[in-house]
Amino acid sequence: MRGIHRVQAVSAGSVITEMDRIIATMDRTHHDLVGAMDRINSNHAWLMTVLAGANPSLLQQINGQLSGARRAVEEACTMLRTSKDSLRAYTRTI
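Calculation notes
- Starting from 1, residues in each chain are numbered consecutively following that chain's sequence as written.
- It should be noted that, the model being predicted, local features are given only for residues of pLDDT at least 70 and side-chain atom pairs only at 80 or more, the latter also being counted only at that level, while totals for whole chains, interfaces and linings use all residues.
- Calculated side-chain values reflect all of the structure's heavy atoms, with hydrogen atoms and water omitted.
- The way it works is that DSSP assigns letters per residue, a run of H or I at least four long becomes a helix, a run of E at least two long becomes a strand, and they are numbered from the N terminus.
- For every residue, the accessible area (1.4 Å probe, protein chains only) is compared with the maximum for its type, and the residue is labelled buried under 20%, exposed over 50%, or partly exposed between those bounds.
- Expected span of a helix: the number of residues minus one, times 1.5 Å.
- The contact rule is simple, with two residues in contact once any of their heavy atoms fall within 4.5 Å.
- Counting of polar contacts relies on pairs of N or O atoms within 3.5 Å, with two restrictions inside protein: one atom must be capable of donating a hydrogen and the other of accepting it, and residues adjacent in sequence are counted only when both atoms are side-chain atoms.
- We define a nonpolar core as any set of buried Ala, Val, Leu, Ile, Met, Phe, Trp, Tyr and Cys residues linked to one another through side-chain atoms lying within 4.5 Å.
- To get an axis, a line is fitted to the C-alpha atoms, and for a helix only the part in contact is used. The angle between two axes follows their N-to-C directions and goes from 0 to 180 degrees.
- Any angle that is under 35 degrees is reported as roughly parallel, and any over 145 degrees as roughly antiparallel; angles of 65 to 115 degrees are reported as roughly perpendicular and all others as oblique.
- Two helices cross in a left-handed way if the nearer one is turned anticlockwise from the farther one by less than a right angle. They cross in a right-handed way if the turn is clockwise.
- Asp, Glu, Lys and Arg are counted as charged, while Ala, Val, Leu, Ile, Met, Phe, Trp, Tyr, Cys and Pro are counted as nonpolar; the rest, among them Gly, fall into the polar class.

1. Some details on the environment of Trp-46
Mapped onto the fold, Trp-46 is located in helix α1 (residues 12–50). Overall, Trp-46 belongs to the exposed group, its relative accessible area being 54%. For Trp-46 and Asp-20, which are 26 residues apart along the polypeptide, the C-alpha to C-alpha distance reads 39 Å.

2. Observations regarding helix α2 (residues 56–93)
Its 38 residues place the ends of α2 55 Å apart at the C-alpha level, agreeing with the 56 Å of an ideal helix rising 1.5 Å per residue. What α2 keeps buried is the set Leu-59, Ile-62, Leu-66, Ser-67, Val-73, Cys-77, Leu-80, Lys-84, Leu-87 and Thr-91. Along its buried surface, α2 packs onto α1. Taking the backbone nitrogen of Ser-57 as reference, a side-chain oxygen 2.9 Å away marks Asn-55 as the first, capping residue of α2.

3. Observations regarding α1
What sets the pattern is the α-helix's 3.6 residues per turn: residues three or four places apart point alike. Taking 1.5 Å per residue as the helical rise, α1 with its 39 residues ought to reach 57 Å, and the 56 Å between its terminal C-alpha atoms agrees with that figure. Taken together, the buried positions of α1 are occupied by Met-19, Ile-23, Met-26, His-30, Gly-35, Ala-36, Met-37, Ile-40 and His-44. Summarising the contacts, the buried residues of α1 are in contact with α2.

4. So, the nonpolar core
Core analysis: the biggest nonpolar cluster contains six residues, these being Met-37, Ile-40, Ile-62, Leu-66, Val-73 and Cys-77. Elements represented by at least two residues in this core include exactly α1 and α2. Top element by residues in this core is α2. It accounts for four residues. Residues within four places of Met-37 in sequence aside, it is in contact with Arg-70, Val-73, Glu-74 and Cys-77.

5. What to know about the side chain of His-44
For His-44, the position within the fold is in helix α1. Those residues in contact with His-44, other than ones at most four positions away along the chain, are Asn-63, Leu-66, Ser-67 and Arg-70.

6. Comments concerning the packing of α1 against α2
Running from N to C, α1 and α2 point in directions that differ by 165°, and their axes come no closer than 9 Å. Considered as vectors, α1 and α2 are oriented roughly antiparallel to each other. At the point where α1 passes α2, the crossing takes the left-handed sense. The class makeup of the residues in the contact of α1 with α2 is 21 nonpolar, eight polar and six charged.

Structure follows, in structure tokens:
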């Protein structure tokens, strides 16, 4: 009987438990992303201090790259928060 899948009943409680695990993973990931953003900010400030007398075009390039990295992490945090909020709202409807 190839191609036939058995469907098992899933309780609302087991779905909520699994979603809670996903939300917990999202929380840990968010925490890690915030830590990465802090490290980017620290490295950015340190590099700008160290390279204060460097070529202005080099400073502009470094500034742009680190600012872009920070924005990407901020966007990831925002998407993660939005997804987490959506999952929480869904679990409230179950």
